[in-house]
Amino acid sequence: HWRAVSKDDRSLIGNWLVLFSALMLSVSLFLTWSSLSPAYVTLAGKLDGLQGVPRDPSAWQVYSAADVLLAVLVIALLAVSLTGPRRPRIAILLACVVALSFVIHAEGAPPTNGAPTLRPSAGVSSYVFPAPTPGAGETVALIALIGAIGGLALSLTAD
């Protein structure tokens, strides 16, 4: 027979999961968030669409506000994992859901500064391959946010 998990155990597990997820999310901000292959840079570069876009940028290089908001979310997750009443946990849980939707979008549409990915042009085939791909940063952020949402939900069941 499995014994029921006590409220204290659920709270402890949830807090550790939130803490670990916050650390993963902070690391993700320094990883590559979009990868531009040399073939894509060559083809799209002829169209002057990649001005100022690094080949393997981190979140800090790609975004102007979203990276800061994710960093604020990291701080909030760290604070709530150490001590946090129910209401802030609910607010941070909602913020994590919004951040998760942003990361899912970022993974599906890596930034290119307006360079074409599926648009025909003069001198370029109808499809510019290989298109930009998501980097490790988006994947790590996605996993971290799912973990944070799970940890917050688990800790909320202990309240």
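Cut-offs applied
Residues numbered from 1 in each chain as written. Predicted model: local features only at pLDDT ≥ 70, side-chain atom pairs only at ≥ 80, totals over all residues. Heavy atoms only, no water. Helix = DSSP H or I, 4+ residues; strand = E, 2+ residues; numbered from the N terminus. Buried < 20%, exposed > 50% of the residue type's maximum accessible area, 1.4 Å probe, protein only. Contact = heavy atoms within 4.5 Å. Areas by Shrake-Rupley, 256 points an atom, 1.4 Å probe, with all protein chains shown as cover. Axes fitted to C-alpha atoms, helices over the stretch in contact; angles between N-to-C directions. Parallel < 35°, antiparallel > 145°, perpendicular 65-115°, else oblique. Left-handed = near helix turned anticlockwise from the far one by under 90°. Nonpolar A, V, L, I, M, F, W, Y, C, P; charged D, E, K, R; others polar. 1 Å grid on protein atoms, 1.4 Å probe; cavity = no way out; pocket = protein on both sides within 12 Å on 5 of 7 lines; lining within 4 Å. Points joined across faces, edges and corners; volume = space filled by probe spheres on them. Core = buried A, V, L, I, M, F, W, Y, C linked by side-chain atoms within 4.5 Å. Expected span 1.5 Å × (residues − 1).

Caption draft 1: Focus on the overall build of the protein chain. Scanning the protein chain from N- to C-terminus turns up 6 helices and 2 strands. Within the protein chain, the fraction of its 159 residues that count as buried is 37%. In the protein chain, once contacts between residues fewer than 6 apart in sequence are set aside, the share between residues at least 24 apart is 80%. A total of about 8,800 Å² of accessible surface is found on the protein chain, and carbon and sulfur atoms cover 68% of it.

Caption draft 2: Main features of the packing of helix 5 (residues 86–108) against helix 6 (residues 136–158). Viewed as axis vectors pointing N to C, helix 5 and helix 6 meet at an angle of 155°, and their least axial separation amounts to 9 Å. Put simply, helix 5 runs roughly antiparallel to helix 6. Crossing handedness for the pair helix 5 and helix 6: left-handed. The class makeup of the residues in the contact of helix 5 with helix 6 is 18 nonpolar, 2 polar and 4 charged.

Caption draft 3: Summary view of the layout of surface pockets. Looking at the largest pocket, its volume works out to about 160 Å³. Surrounding the largest pocket, Ala66, Leu69, Leu70, Leu73, Ala95, Val98, Ala99 and Phe102 form its lining. Elements that contribute at least two residues to the lining of the largest pocket include exactly helix 4 (66–82) and helix 5. Counted by class, the lining of the largest pocket contains 8 nonpolar, no polar and no charged residues.

Caption draft 4: The nonpolar core, seen in detail. Core analysis: the biggest nonpolar cluster contains 28 residues, and Leu25, Trp33, Leu73, Leu77, Cys96, Leu145 and Leu152 have the highest contact counts within it. Of all elements in the fold, only helix 1 (7–28), helix 4, helix 5 and helix 6 reach the threshold of two or more residues within this core. Residues contacting leucine 77, with those up to four places away along its chain left out, are Val18, Ala22, Leu25, Ile92, Cys96, Ala148 and Leu152.

Caption draft 5: Local environment of the packing of helix 4 against helix 5. Interhelical geometry of helix 4 versus helix 5 gives an angle of 145° and a closest axis separation of 11 Å. Our pair here, helix 4 against helix 5, has a crossing hand that is left-handed. Across from Ala66, Leu70, Leu73, Ala76, Leu77 and Val80 in helix 4, the residues of helix 5 making contact are Arg89, Ile92, Ala95, Cys96, Ala99 and Phe102. The residue makeup of the contact of helix 4 with helix 5, split by class, is 11 nonpolar, no polar and 1 charged.

Caption draft 6: Layout of helix 5. The end-to-end C-alpha distance of helix 5 is 33 Å, a good match for the 33 Å that 23 residues give at a rise of 1.5 Å each. Along helix 5, the residues classified as buried are Arg89, Ile92, Leu93, Cys96, Ala99, Leu100, Val103 and Ala106. At its buried positions, helix 5 is contacted by helix 1, helix 4 and helix 6.

This is a description of form; function is not addressed.
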